[in-house]
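Given next are the chains, with one letter for each unit.
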Amino acid sequence: MPRQETTNAGKLGSLVRLSASLNANAPDLPHLEGIRARFDKLVGEAQETAKQQTAFTASKQEASKRLNTQLSEALRLASGLRKLLEETYGVRSEKLAEYGLQPFRGRKLKGTAPEAPQKPEPPAVPTAPVDPNA
């Protein structure tokens, strides 16, 4: 029993081999002529579709490369534009928020934060005096 093909290319190859065998033995199978002709047509269409799919795959890969190049260049330009916008409006301008940029609003100083209340120290417990002569 032949192994079952699982890939589309394997299935198509199997169908092409069957079609070739049917065509080679057509005189022995006159009762299958209509079905064989329909099968040949379907296999031919499947082969054309597989060729188109291969072309689309290559085209898709080229499009992906082009997209990556365009995105990379656009990101570089966007970075420069952001710097130019900061230069144009100033780093503190709230207008930068319209462009998705964070205006500089200063920073909090370390000493201005309110301090947490300190816990009072527990009273010292008197200890017995140590006798040096003992």
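Colleague: Help me out: how do you make sense of the overall build of the chain in this one?
Modeller: Counting its secondary structure elements, the chain contains two helices and zero strands. By the burial criterion, 10% of the 134 residues in the chain qualify as buried. Residue pairs at least 24 apart in sequence account for 21% of intrachain contacts in the chain once pairs closer than 6 positions are excluded. For the chain, the accessible surface area stands at approximately 12300 Å², while carbon and sulfur atoms represent 58% of it.

Colleague: So what exactly am I meant to see when it comes to the packing of helix H1 (residues 8-24) against helix H2 (residues 33-89) here?
Modeller: Helix packing geometry: the angle between the two helix axes and the distance between the axes. Two numbers describe how H1 lies on H2: the axes approach to 10 Å, and their chain directions differ by 145°. Crossing angle aside, the handedness with which H1 passes H2 is left-handed. Along the contact surface, H1 presents Leu 12, Leu 15, Val 16, Leu 18, Ser 19, Leu 22 and Asn 23, while H2 presents Arg 36, Phe 39, Asp 40, Val 43, Ala 46, Gln 47 and Ala 50.

Colleague: Sorry, what's going on with H2 here?
Modeller: Side chains that are three or four residues apart share a direction in an α-helix, a result of its 3.6 residues per turn. For H2, which comprises 57 residues, the first-to-last C-alpha distance of 80 Å matches the rise-based estimate of 84 Å (1.5 Å per residue) to within 8%. Among all positions of H2, only Arg 36, Phe 39, Val 43, Ala 78 and Leu 85 are buried. Packing partners of the buried residues in H2 comprise H1. Directly after H2, the chain includes Gly 90, whose backbone phi takes a positive value near 95°.

Colleague: How do you make sense of the side chain of Ser 19 when you look at a structure like this?
Modeller: Following the sequence through the fold, Ser 19 ends up in helix H1. Exposure remark for Ser 19: the relative accessible area of 8% places this residue in the buried category. Ser 19 has contacts with Phe 39 and Asp 40, leaving out every residue within four places of it along the chain.

Colleague: I tried to follow H1 on my own but got confused; where do I start?
Modeller: Compared with the 24 Å implied by 1.5 Å per residue over 17 residues, the 24 Å span of H1 between its first and last C-alpha is a close match. Regarding H1, the residues found buried are Gly 10, Leu 12, Ser 19 and Leu 22. The secondary structure elements touched by the buried residues of H1 are H2.

Colleague: I'm lost on the environment of Glu 94 in this one. Help?
Modeller: On the secondary structure map, Glu 94 appears in the segment after H2. Taking the C-alpha atoms as reference points, Glu 94 and Arg 105, 11 residues apart in sequence, are found 9.2 Å from one another. If we skip the residues at most four places from it in the chain, Glu 94 touches Pro 103 and Arg 105. Side-chain polar atoms of Glu 94 contact the side chain of Arg 105, separated by 2.8 Å.

Colleague: Is there a simple way to think about the pattern of salt bridges in this case?
Modeller: Opposite charge on two side chains lets them pair, provided their charged atoms get close. Summed over the entire model, instances satisfying the criterion amount to six salt bridges. Between Glu 86 and Lys 83 there is a salt bridge whose closest N-O contact spans 3.9 Å. Residue Glu 86 and its partner Lys 83 are both found in helix H2; the two are separated by three residues, about one turn of the helix. Given a relative accessible area of 23%, Glu 86 falls into the partly exposed group. On the basis of relative accessible area, Lys 83 is assigned to the exposed category, the value being 56%. For the salt bridge of Glu 98 with Lys 95, the shortest nitrogen-to-oxygen distance reads 3.0 Å. Three or more residues are tied together by salt bridges with common partners; here these are Glu 33, Arg 36 and Asp 40.

Rules behind the numbers
Residues numbered from 1 in each chain as written. Predicted model: local features only at pLDDT ≥ 70, side-chain atom pairs only at ≥ 80, totals over all residues. Heavy atoms only, no water. Helix = DSSP H or I, 4+ residues; strand = E, 2+ residues; numbered from the N terminus. Buried < 20%, exposed > 50% of the residue type's maximum accessible area, 1.4 Å probe, protein only. Contact = heavy atoms within 4.5 Å. Areas by Shrake-Rupley, 256 points an atom, 1.4 Å probe, with all protein chains shown as cover. Axes fitted to C-alpha atoms, helices over the stretch in contact; angles between N-to-C directions. Left-handed = near helix turned anticlockwise from the far one by under 90°. Expected span 1.5 Å × (residues − 1). Polar contact = N/O pair within 3.5 Å; in protein donor to acceptor, adjacent residues only side chain to side chain. Salt bridge = Lys/Arg side-chain N within 4 Å of Asp/Glu carboxyl O.

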